[in-house]
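# Descriptive structure summary
Residue strings, one per chain:
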Amino acid sequence: MHPKISIIVPTFNEEKNIVECLDSIYSQDYPKHMLEVIIVDNGLVDRTLGLARKYPVKIIINPIKDTQVSKRVGFDACTGELFMWMDADMRMISRDWFIAMTYPLMMDKTIVASVTRYKVKGYESSLTKFLTLGPIQRDPVYQVFSPGFDKTYHKKRKGYILCLYTPNKIPPSGNGLV
């Protein structure tokens, strides 16, 4: 059985990105009726919403032009058993991303999140490429204040690695399902 997944995509003038983002979501080998995509738009001045309406998405207009506020607005509106945030310029590079990410969560109910790393595109900035070198993609400031992967690694399981995060040792991590 597949859990319902809510994907929150905050947007602000994402006309050039939104189609590829939504195509990558809806091309997943995952039951489409178990996906809830919520677009939270921060001020339409381009064709983002017109393009998004070609997909089975819920659209919310957030007059506060702030990505973090939009993420919260989307979270408050979601109805999935699992949720994630996805920037409009991101794509899922494999068709089984949802299956791979839900697997640990369904196999062990004590696991609270399933995260993955971000793969950079060839044209991205040197800074972005640098930040993605680490397995949990911590920028240099976070590296000072949070533990590395080696400090949270617990054990390897079939198809994934289990990390133990404690209240004082929770590193910021890549994209994933919660």
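See above for the structure.
All of the points below concern the structure found in this document. (Residues numbered from 1 in each chain as written. Predicted model: local features only at pLDDT ≥ 70, side-chain atom pairs only at ≥ 80, totals over all residues. Heavy atoms only, no water.)

### A look at the overall build of the protein chain
Note the cut-off: Only DSSP runs of H or I reaching four residues or more are called helices, and only runs of E reaching two or more are called strands; each is numbered from the N terminus. Note on exposure labels: buried denotes an accessible area under 20% of the residue type's maximum, exposed denotes more than 50%, and partly exposed covers the range between, all computed with a 1.4 Å probe on protein chains only. Contacts are assigned to residue pairs that have any heavy atoms within 4.5 Å of one another. Accessibility throughout is a Shrake-Rupley quantity obtained with a 1.4 Å probe, and a residue counts as covered only by protein chains that appear here.
On a plain count of helices and strands, the protein chain comes out with seven helices and eight strands. A buried classification covers 40% of the 178 residues belonging to the protein chain. Contacts spanning at least 24 positions in sequence make up 64% of the contacts within the protein chain whose residues lie at least 6 apart. When the accessible surface of the protein chain is split by element, carbon and sulfur atoms take 59% of a total near 10,500 Å².

### What to know about the side chain of Ser 6
Condition: By the criterion applied in these results, polar contacts are pairs of N or O atoms within 3.5 Å in which, for protein atoms, one can donate a hydrogen and the other can accept it, and in which residues neighboring in sequence qualify only through two side-chain atoms.
Along the polypeptide, Ser 6 turns up in strand S1 (residues 5-11). Of note is the side chain of Ser 6, whose polar atom sits 3.5 Å from the backbone nitrogen of Thr 79. For Ser 6, the side chain forms a polar contact with the main-chain nitrogen of Gly 80, separated by 2.8 Å. Look past the residues within four positions of Ser 6 in its chain and what remains in contact with it is Glu 36, Cys 78, Thr 79, Gly 80, Leu 82, Phe 83 and Met 84.

### Observations regarding the pairing of S1
Filter applied, for reference: Only strands joined by at least two bridges in the DSSP assignment are considered to pair.
Counted residue by residue, S1 has seven buried out of seven residues, so it is predominantly covered. Burial along S1 is two-sided: the face carrying Ile 5, Ile 7, Val 9 and Thr 11 and the face carrying Ser 6, Ile 8 and Pro 10 are both buried. Relative to strand S2 (residues 35-41), S1 runs parallel, the two sharing seven bridges. Paired with Ile 8 across the strands is Ile 38, a residue of S2. In this sheet, strand S4 (residues 82-85) lies alongside S1 in parallel orientation, the contact comprising four bridges. Considered in S4, the bridge of Ile 8 is made with Trp 85.

### Notes on unusual backbone geometry
Across residues other than glycine, the phi torsion is negative in most instances, and most of the peptide bonds are trans. Phi at Asn 13 takes a positive value of approximately 55 degrees, unusual for a residue other than glycine. Looking at the secondary structure, you find Asn 13 in the loop between S1 and helix H1 (18-26).

### Notes on the pattern of salt bridges
Heads up, the rule is: In what follows, salt bridge is the name for a side-chain nitrogen of Lys or Arg lying within 4 Å of a carboxyl oxygen of Asp or Glu.
Using the criterion set out here, one finds six salt bridges in the structure. Linking Glu 20 and Arg 91 is a salt bridge whose minimum nitrogen-to-oxygen distance equals 3.1 Å. Pair noted here: Glu 20 is in helix H1 and Arg 91 is in the loop between S4 and helix H4 (97-107), with a separation of 71 residues, a long-range link. For Arg 91, a relative accessible area of 23% translates into the label partly exposed.

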